[in-house]
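Structural features, examined
Residue strings, one per chain:
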Amino acid sequence: KAPSVDDCIEKMMPTINCIKETLDTLVYGENGLQLEDVIVKIHQFFGKQMTVIDAGLHGEVARLVSQADETRTVLAGGAVHSVDEKSFRALVQDVSSVVTENQMLVAIGPIDRTPELVEAGDSYFDLLLITTAGVEEKRIRYSGHSAWREVRAVKDVLNTIRLRM
């Protein structure tokens, strides 16, 4: 506890400086970075590439990562497919067999956008992060106001990728 805001900031500075020195621009939101910028920097730092198969978000994740990837070294490829859940799983199974040590396959499942399901909060999509270490699957709720529902879903995917690196 500090007697003033300035005293509080002064006490926090050693910790803030340590974080900045250790993590630099990998801290999400630092220096105005967006999630996609952080994902690109982390992939570059570890020498990794990412491929995106998207059956639910219209290629938006790959588009954002591509825009942030100024050196064109991170996004190895992206494909948008309009398929059902069964076909999506089969496609991911086929593609995941060729993932190499320095790659991550991001697979975004189809979304049921039936208004009644979405309004009730019962619409979900699957996100699969596939590396040579295995498959991590996360079920993400597709919900929220129609003006920002898609943006929220994309940010949920990007944040999950960031947290798994």
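It should be emphasised that the depicted structure is a prediction, and the values quoted were computed from it without experimental measurement.

Quick notes on the rules
- Residues numbered from 1 in each chain as written.
- Predicted model: local features only at pLDDT ≥ 70, side-chain atom pairs only at ≥ 80, totals over all residues.
- Heavy atoms only, no water.
- Pairing = 2+ DSSP bridges.
- Helix = DSSP H or I, 4+ residues; strand = E, 2+ residues; numbered from the N terminus.
- Axes fitted to C-alpha atoms, helices over the stretch in contact; angles between N-to-C directions.
- Phe/Tyr/Trp six-rings, centres within 6.5 Å; stacked < 30°, edge-to-face > 60°.
- Right-handed = clockwise from strand over helix to strand, strands pointing away.
- Patch = residues over 30% accessible without salt bridge, like charges linked within 9 Å, V, L, I, M, F, W, Y side chains within 5 Å.
- Areas by Shrake-Rupley, 256 points an atom, 1.4 Å probe, with all protein chains shown as cover.
- Salt bridge = Lys/Arg side-chain N within 4 Å of Asp/Glu carboxyl O.
- Buried < 20%, exposed > 50% of the residue type's maximum accessible area, 1.4 Å probe, protein only.
- Parallel < 35°, antiparallel > 145°, perpendicular 65-115°, else oblique.
- Left-handed = near helix turned anticlockwise from the far one by under 90°.
- Contact = heavy atoms within 4.5 Å.
- Nonpolar A, V, L, I, M, F, W, Y, C, P; charged D, E, K, R; others polar.

1. Section: the sheet that holds strand E3 (residues 103-108)
What the five strands build is an open sheet, ordered E2-E1-E3-E4-E5; its pairing is mixed. Two strands bound the open sheet, and with one partner strand each, they are strand E2 (75-80) and strand E5 (134-141). Direction aside, the axes of adjacent strands within the sheet are offset by 15 degrees on average. With four bridges joining them, E3 and strand E4 (residues 124-131) adopt antiparallel strand pairing.

2. What about unusual backbone geometry?
Positioned with a positive phi, His58 is a non-glycine residue whose angle comes to about 60 degrees. Among the structural elements, His58 can be located in the loop between strand E1 (49-54) and helix H3 (60-68). Unlike most non-glycine residues, Arg72 shows phi in positive territory, near 55 degrees. Mapped onto the secondary structure, Arg72 falls in the loop between H3 and E2.

3. Let's talk about the pairing of E5
In this structure, E4 lies alongside E5, joined through eight bridges in antiparallel fashion. If you follow Thr131 over to E5, its bridge partner there is Gly134. Between E4 and E5, which pair antiparallel and follow one another directly, the connecting turn spans two residues.

4. Examining the packing of aromatic side chains
For the structure shown, the criterion picks out one aromatic pair. On the numbers, 5.0 Å between centres and 90 degrees between planes, the contact of Phe45 with Phe46 is edge-to-face.

5. Here's the deal with the pairing of E1
Note that E1 and E3 share six bridges and pair parallel. Paired with Ile53 across the bridge in E3 is Ala107. Tracing the backbone out of E1, into H3 and back to the parallel element E2 gives a crossover that is right-handed.

6. Some words on a nonpolar patch on the surface
Nonpolar side chains collect at one region of the surface, where Val5, Ile9 and Met13 lie side by side and expose about 260 Å² of accessible area between them. Assessed through its relative accessible area of 32%, Met13 is described here as partly exposed.

7. A short note on the packing of H3 against helix H6 (residues 149-164)
In helix packing, the relevant descriptors are the interaxial angle and the interaxial distance, both defined with respect to the helix axes. Two elements in contact, H3 and H6, have axes whose closest approach is 10 Å; the angle formed by their N-to-C orientations is 60 degrees. One element, H3, and the other, H6, form an angle in the oblique class. For H3 against H6, the interelement crossing comes out right-handed. Here Glu60, Val61, Leu64 and Val65 of H3 lie close against H6, whose contacting residues are Val154, Val157, Leu158 and Ile161. A breakdown of the residues in the contact of H3 with H6 according to their chemical character gives seven nonpolar, no polar and one charged.

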